[in-house]
Amino acid sequence: MHQQLEFIMEADKLKDILRRSQVTGSKRRENSAEHSWHLGLMVFILQEYVKTPVDLNKVLSMVIFHDLVEIDAGDTFAYDDIGNQDKAAREEAAADRIFHLLPEQQAMHYKALWEEFETGETAEAKFALALDRLQPVLLNYYNEGRSWKVHQVRNDQVVERIRVLEQISEELWSYAVHLLEDAVHKGYLLP
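The rules behind the values
- Residues numbered from 1 in each chain as written.
- Predicted model: local features only at pLDDT ≥ 70, side-chain atom pairs only at ≥ 80, totals over all residues.
- Heavy atoms only, no water.
- Helix = DSSP H or I, 4+ residues; strand = E, 2+ residues; numbered from the N terminus.
- Rg over C-alpha atoms; globule rule 2.2 N^0.38 Å.
- Contact = heavy atoms within 4.5 Å.
- Areas by Shrake-Rupley, 256 points an atom, 1.4 Å probe, with all protein chains shown as cover.
- Phe/Tyr/Trp six-rings, centres within 6.5 Å; stacked < 30°, edge-to-face > 60°.
- Buried < 20%, exposed > 50% of the residue type's maximum accessible area, 1.4 Å probe, protein only.
- Axes fitted to C-alpha atoms, helices over the stretch in contact; angles between N-to-C directions.
- Left-handed = near helix turned anticlockwise from the far one by under 90°.
- Nonpolar A, V, L, I, M, F, W, Y, C, P; charged D, E, K, R; others polar.
- Salt bridge = Lys/Arg side-chain N within 4 Å of Asp/Glu carboxyl O.
- Pairing = 2+ DSSP bridges.

Undergrad: Tell me what's going on with the overall build of the protein, and back it up with residues and numbers.
TA: Secondary structure assignment for the protein yields 12 helices and 2 strands. Computed over the C-alpha atoms, the radius of gyration of the protein is 17 Å, within 12% of the 16 Å expected from 2.2 N^0.38 for a compact globule of 191 residues. Projected onto the principal axes, the alpha-carbon positions of the protein cover approximately 55 × 35 × 30 Å. Long-range contacts, defined as pairs at least 24 residues apart, comprise 66% of the intrachain contacts of the protein with a sequence gap of at least 6. If you sum the accessible surface of the protein, you get close to 10,200 Å²; carbon and sulfur atoms cover 53% of it.

Undergrad: Describe the packing of aromatic side chains, with residues and values.
TA: Overall, the coordinates contain 7 aromatic pairs when judged by the stated rule. Between the aromatic rings of Phe77 and Tyr79, the centroid separation amounts to 5.4 Å while the plane-to-plane angle is 75°, which identifies the pairing as edge-to-face. Both rings, one in Tyr141 and one in Tyr188, keep their centres 5.8 Å apart while their planes meet at 65°; by these two values the pair is edge-to-face. Remark: Tyr188 occurs in the segment after α12 (170-186) and Tyr141 occurs in helix α8 (residues 123-142); sequence separation between them is 47 residues. Take Tyr141: its relative accessible area is 12%, and that puts it in the buried class. The class of Tyr188 is buried, set by a relative accessible area of 12%. Three or more aromatic residues link up through ring pairs in this structure, and these residues are Phe7, Phe65, Phe99 and Tyr110.

Undergrad: With reference to specific residues and values, describe the side chain of Glu91.
TA: For Glu91, the location among the structural elements is in helix α6 (residues 87-99). Setting aside residues no more than four positions away along its own chain, Glu91 makes contact with Val69, Ala73, Trp114 and Glu118.

Undergrad: Break down the packing of α8 against α12 for me, with residues and values.
TA: How two helices pack is summed up by the angle between their axes together with the distance between the axes. Running from N to C, α8 and α12 point in directions that differ by 35°, and their axes come no closer than 11 Å. For the element pair α8 and α12, the recorded crossing hand is left-handed. Facing Leu134, Val137, Leu138, Tyr141 and Tyr142 of α8, the residues of α12 in contact are Leu172, Tyr175, Ala176, Leu179, Leu180, Asp182, Ala183 and Lys186. Among the residues making up the contact of α8 with α12, the classes are represented as 11 nonpolar, no polar and 2 charged.

Undergrad: Give me the pattern of salt bridges: which residues, what numbers.
TA: Per the counting criterion, the structure on display carries 18 salt bridges. Among the salt bridges present, the one from Arg19 reaches Asp75, with a minimum N-O distance of 3.4 Å. Note that Arg19 is positioned in strand β1 (residues 18-22) and Asp75 in the loop between α4 (70-73) and α5 (81-85), a separation of 56 residues in sequence. Residue classification places Arg19 among the buried positions, given a relative accessible area of 10%. Overall, the relative accessible area of 17% leaves Asp75 in the buried class.

Undergrad: Explain the pairing of β1 to me, and be specific about the residues and the numbers.
TA: As judged from the 2 bridges shared by β1 and strand β2 (residues 29-31), these two strands associate in the antiparallel manner. Bridging from a neighbouring strand, Leu18 pairs with Asn31 of β2. Linking β1 to β2, which pair antiparallel, is a turn of 6 residues; within it Gly25 sits at a positive phi near 75°.

Below you can see the structure in the form of structure tokens.
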């Protein structure tokens, strides 16, 4: 139990990791813990749009655990070419340290779950990954493209990043593409 409680307290540090997206209706940046909570909510609300049946408990576990590595590795902006060069190595080292704070059996289980999310090959991982890609689109759209504008993000970059949506849900993919087209039209996103 001591190891588990130490892990839980280590996970609390995720609240200090700031992302680029801003909280809707605020100028405050979202933190990674808030991001994970938002994804958990999306899992339940948007499950009806997934083509393939998924284990919701597994998807929820993935979205809760997937960003814990940012405690050590930091949040790497999706469109940062330099930061993304060593992201995998930084996150792998972080996963080794953080998950191994848990008792061995739990450490192996949650690290494997994190790896499954990262590879994005199972139906559960694709759904979790799709939501992880959709959520910043929603925040940026409803914040008039604040972080897109600051970082001069182009529509084609976002479309490529969210393409996993097309694999899991025609409805979510169509909705996201429509939002992006409107974002370009409104000047939130570069064409």
